Every structure is written in structure tokens, then in C-alpha cells.
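Below, each chain spelled out in residue letters.
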Amino acid sequence: VVDLGMEGVPTSRLAVETSQVNFYRAVTLEGSKDAQVWESLPISDALYDYDTPRFVETQLSVTFPETTTRYLRLTVHNEDNPPLNIQG
């Protein structure tokens, strides 16, 4: 959960920091005015970081239609994989 400090701050991108490599995780995003009632934000995205001898590519951010909600909640769908360690 990210608290932007106040409602009304226009936001359309959320970036994460992780030291993990060679992963792919689907994500969903929700917004809230009070951190109690959440609404899904329309994204169909994933976080990934590949660093192999033949392929290197990274996407550690998600973009979404601009919102002015105070709280954002990113859910990482680890499925059968170890949890993604998000550091920031």
C-alpha cells in the first residue's frame, strides 16, 4: 500500500524496487480515498526482470489511467513462485 499523503495528487505510474532478477509476476492495482474501501484500477500489466545471456529486459513499473486517489494498493500475484521482495 502506498500513501500519497493527500487526495488530489494526480498519479498514473507506480514503480517498485527489487533486487531480484529473472522473474515475471502479474499485478493488479486498486485505489482508495480512505484505505478502507478499495476500487480496482484498470490495468493489465506485469512486473518482470530478465537478465540471461541471450535476453535482458526489465519492467518494474505499471502505468494506469490518471487517478487522484490518496492510497494505491499493488497486489503481486506470485502464484507458485517465491514471493517477490519489494524494497521500495
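Above this note sits the structure.
Residues numbered from 1 in each chain as written. Predicted model: local features only at pLDDT ≥ 70, side-chain atom pairs only at ≥ 80, totals over all residues. Heavy atoms only, no water.

**Here we look at the overall build of the chain**
Part 1 of the reasoning: The number of helices and strands found in the chain is 0 helices and 7 strands.
Part 2 of the reasoning: Shown N-terminal to C-terminal, the secondary structure of the chain runs as helices and strands in the order β-β-β-β-β-β-β.
Part 3 of the reasoning: By the burial criterion, 32% of the 88 residues in the chain qualify as buried.
Part 4 of the reasoning: Put simply, of all contacts in the chain between residues at least 6 apart along the chain, 69% involve residues at least 24 apart. (Helix = DSSP H or I, 4+ residues; strand = E, 2+ residues; numbered from the N terminus. Buried < 20%, exposed > 50% of the residue type's maximum accessible area, 1.4 Å probe, protein only. Contact = heavy atoms within 4.5 Å.)

**Digging into the pattern of salt bridges**
Part 1 of the reasoning: One pass over the full model with this rule turns up 3 salt bridges.
Part 2 of the reasoning: With a closest N to O distance of 3.7 Å, K33 and E7 form a salt bridge. In this pair, K33 is assigned in the loop between β3 (23-32) and β4 (39-51) and E7 in the loop between β1 (2-3) and β2 (11-15), connecting sequence segments 26 residues apart.
Part 3 of the reasoning: When its relative accessible area of 60% is taken as the criterion, K33 is described as exposed. (Salt bridge = Lys/Arg side-chain N within 4 Å of Asp/Glu carboxyl O.)

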